Amino acid sequence: MYDTIIIGAGLSGLAAGIRLAHYDKRVCILERHTTIGGLNSFYRQRGRDFDVGLHAVTNYAPQGSRRGPLARLLRQLRFRWEDFALVPQAGSSVAFPGVTLRFNNDFRLFEAEVAAQFPDQKDNLRKLVAQLIDYDDLDGSLFQRSTRALLAESITDPLLREMILCPVMWYGNARERDMDFGQFCIMFRSIFLEGFARPLAGVRLILRNLVRRFRSLGGELRLRSGVRRIQIEDGRAVGVELDNGEQLEARHVLSSAGIVETMRMSGERKELSPEPGQMSFIESIAVLDRLPRELGHHQTIVFFNDSETFHWERPQDEICDARSGVICSPNNFLYDGDVLPDGILRVTLMADYDRWCQLSADEYRLAKLHWFERTLASAARFVPDCRQHVIDMDMFTPRTIQRYTWHDNGAVYGAPEKRLDGRTKFANLFICGTDQGYVGIVGSLLSGILVANRHLLGDS
Amino acid sequence: MTPVEIREEILDILSDIAPDEDLSALQDDVAFRDQVELDSMDFLDIVMELRKRYRIQVPEADYPQLASMRSTVTYLEPIMKDMQRVS
Ligand SMILES: Cc1cc2nc3c(=O)[nH]c(=O)nc-3n(C[C@H](O)[C@H](O)[C@H](O)COP(=O)(O)OP(=O)(O)OC[C@H]3O[C@@H](n4cnc5c(N)ncnc54)[C@H](O)[C@@H]3O)c2cc1C
């Protein structure tokens, strides 16, 4: 009998596992996939290392910082700052037609850019920042207010509003069109006030440290062990049944599989289940024959949108939406003399899960090639054209995301309705990770910590 | 354990929870939270570490007694006087 069974060895499940194992709980993490990491995993292909999700670790804080999400999670997991080896970004931007706002890990750059391009919004930006610094993310009551409505109260220029929403929604909005204000505050802080960084070795360094720690504390990790059913008796979870029929008992179950998926595994009727998310992505990874900076591209991340209005919704007319996207170069971080072996550009677009799923195997292969070209062509409007220099490529689609995470609709940020307190209708079944509400690498780690602390480390 | 040993043990716990803090100048009569960057989650870790290392259960009602080094040692002294250090 386990104290806690954790479903999923993504970042949130591993973080929760470390907390529980550190305090001598008997804990087992069950992962359906052959490897750990979930949405933020890594793989090797044709002799090259690839990251699945990683653009940048948000919530950057320099060594020695004692406040903020990163410092908090390092303390809680007993890691040293060096264990994540975060290297800060070179500089990023939000690019709309005719206007570009640059930003980096020093918020003053963004303030100066806004002051230069939107002089009458300078004080309004201050107002907004004061409001979101005060926002307490554990106070769930205000979480769901409309960001578009609240933002209009401080930022009176509609174009600037769209330019602020673009990166914030791209990096963590599960809802279409509008965004929960609580989520907006968390994401704005993590991107603009804290910032981006990356370990030279990519996400694998962080994952390896997490799993090594978990095991050294006596935690059990079982790969290729998908959970097909959560056994419920008298309104309580009593254990799980694996895909191969094996049954395991536990006093508590903590699931990072998503709220809709977890309720389904618990036998909840579909009508009673919350709405799954709709936002999914394709990501094109172009390996180049030279470094991006040799093509004149020096930025870390460019969030682009080709009109004055930013559309954050499942694509309506086509299988993907090339109007807006995120261009990331893992080369453009301030590595001290170190270089990555290849020049890489990763470009993300919004995609329609259903239409990607309807394709036959041949159509799927063709669609990937077609959209790889379309993506790079779209990006070439905002960064130097790299199409002549591509020597290798990979792409993942909503289907890949679904295969890696088993999230309905390949929904990257999960369901729109978050479970901030981690509870479900069953007293000893909890949710962590994406559908608890904190997304991103730092967010999901904190989510696992928070839910473990609140519900699973007590005396019960 | 003597009060001095209990104090050392608490320092050890603090340095485990907040490895980047300089604890050498910690003042015993000043609240931890006014000297060390600890939020409520970290504070709970002091309680949890006491339980992990010494099987001491601090009921929630007694948490205020763990506000400063002095009050913590005073609170723990009767509980820990017959115990041996484990770390
Ligand atoms: C394209 C893309 C780019 C991203 N870029 C960034 C970035 O640059 N920076 C950043 O901070 N974040 C980024 N993210 C977001 C980040 O990856 C996620 O927020 C984070 O990884 C979520 O972690 P999680 O633990 O909540 O969930 P997941 O990673 O989804 O983990 C859930 C795990 O549960 C397993 N599982 C599901 N169902 C079962 C079952 N029934 N039985 C057993 N196991 C099961 C899955 O296999 C998975 O391993 C990106 C995401 C994507 C898709």
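This text follows the structure it describes.
In this report, the structure presented in the accompanying data block is examined.

Definitions and limits used
Residues numbered from 1 in each chain as written. Chains lettered and ligands numbered in written order. Predicted model: local features only at pLDDT ≥ 70, side-chain atom pairs only at ≥ 80, totals over all residues. Heavy atoms only, no water. Helix = DSSP H or I, 4+ residues; strand = E, 2+ residues; numbered from the N terminus. Buried < 20%, exposed > 50% of the residue type's maximum accessible area, 1.4 Å probe, protein only. Lys, Arg positive; Asp, Glu negative; His and termini not counted. Charge placed at Lys NZ, Arg CZ, Asp CG, Glu CD. Rg over C-alpha atoms; globule rule 2.2 N^0.38 Å. Areas by Shrake-Rupley, 256 points an atom, 1.4 Å probe, with all protein chains shown as cover. Phe/Tyr/Trp six-rings, centres within 6.5 Å; stacked < 30°, edge-to-face > 60°. Salt bridge = Lys/Arg side-chain N within 4 Å of Asp/Glu carboxyl O. Expected span 1.5 Å × (residues − 1). Arc of directions from axis to C-beta. Contact = heavy atoms within 4.5 Å. Near = heavy atom within 4 Å. Polar contact = N/O pair within 3.5 Å; in protein donor to acceptor, adjacent residues only side chain to side chain. Nonpolar A, V, L, I, M, F, W, Y, C, P; charged D, E, K, R; others polar.

**As for the overall build of chain A**
Helix and strand counts for chain A come out as 13 helices and 18 strands. In terms of its C-alpha atoms, chain A occupies a principal-axis envelope of roughly 60 × 50 × 45 Å. Out of the 460 residues belonging to chain A, those deemed buried represent 63%. Charged side chains of chain A number 57 positive and 59 negative; the gap between the two group centres comes to 4 Å.

**Some details on the overall build of chain B**
Secondary structure summary: chain B contains three helices and zero strands in total. Its helices and strands taken in sequence order, chain B reads α-α-α from the N to the C terminus. Over its C-alpha trace chain B gives a radius of gyration of 12 Å, about what one expects of a compact globule, namely 12 Å for 87 residues. Per-residue burial over chain B gives 45% buried out of 87 residues. Summed over all atoms, the accessible surface of chain B reaches about 4,600 Å², with 49% contributed by carbon and sulfur. In chain B, 9 side chains carry a positive charge and 20 a negative one; their mean positions are 6 Å apart.

**Focus on the packing of aromatic side chains**
Residues and elements named next belong to chain A. Inspection of every chain in the model, using the stated rule, returns 24 aromatic pairs over all chains. Geometrically, the ring pair formed by F103 and F110 is edge-to-face, given 6.3 Å between the ring centres and 90 degrees between the ring planes. Take F103 and F110: they sit in the same class, and that class is buried. Seen from their ring centres, F188 and F192 are 4.8 Å apart, and the 45 degrees between their planes marks the pair as tilted.

**Overview of the pattern of salt bridges**
Applying the stated criterion across every chain, the model contains 52 salt bridges over all chains. Where R251 of chain A meets D3 of chain A, a salt bridge forms, and the shortest distance between an N and an O atom there is 3.2 Å. A residue pair is termed long-range when its members are at least 10 positions apart, and R251 of chain A in strand β12 (residues 247–255) and D3 of chain A in strand β1 (residues 2–7) qualify at 248 residues. The class for D3 of chain A is buried, based on a relative accessible area of 17%. For R70 of chain B, the salt bridge goes to D29 of chain B, with nearest N and O atoms at 2.8 Å. Residue R70 of chain B is found in helix α3 (residues 69–80), and its partner D29 of chain B is found in the loop between α1 (3–17) and α2 (40–54); the two are separated by 41 residues along the sequence. On the accessibility criterion, R70 of chain B (44% relative accessible area) is partly exposed. Its relative accessible area of 57% is what places D29 of chain B among the exposed residues. The network of salt bridges with common partners includes R19 and R78 of chain A together with E8, E9, D12, D16, D45, E49, R53 and R85 of chain B.

**With respect to helix α4 (residues 122–134) of chain A**
Each turn of an α-helix holds 3.6 residues, which means side chains three or four residues apart point in the same direction. Residues and elements named next belong to chain A. In this model α4 runs 19 Å from its N-terminal to its C-terminal C-alpha over 13 residues, within 8% of the 18 Å that 1.5 Å per residue would give. Every buried residue belonging to α4 is among N124, L125, L128, V129 and L132, and all of these are buried. Along the axis of α4, the buried positions cluster into a sector of 140 degrees, meaning they face one direction only. Turned more than 90 degrees off the buried face of α4, the exposed positions are D123, K127, I133 and D134. Contacts from the buried residues of α4 go to α3 (107–117), α5 (147–154), α6 (158–170) and α7 (181–194).

**Thoughts on α5 of chain A**
All names here are of chain A. For α5, the complete set of buried residues consists of T147, L150, L151 and S154. The arc enclosing the buried residues of α5, seen along the axis, measures out at 100 degrees, which places them on a common side. Buried residues in α5 make contact with α4, α6 and α7.

**Quick word on the site of the ligand**
Residues and elements named next belong to chain A. Taken together, 35 residues surround the ligand, and among them E31, N40, G53, H55 and A56 come closest. Between a nitrogen atom of the ligand and a main-chain N or O atom of V227, the distance comes to 2.8 Å. Between the ligand and G440, the relevant distance is 2.8 Å, taken from an oxygen atom to a main-chain nitrogen or oxygen of the residue. Against a free-state accessible area of 1,000 Å², the protein chains account for coverage of 98% of the ligand. Elements with a contribution of two residues or more to the shell around the ligand: α1 (11–22), α12 (398–405) and α13 (440–456). Sorting elements by how many residues they give to the shell around the ligand places α13 first, with three residues. Within the shell around the ligand, the residues separate by chemical class into 15 nonpolar, 17 polar and three charged.

Read these as spatial facts, not as claims about activity.
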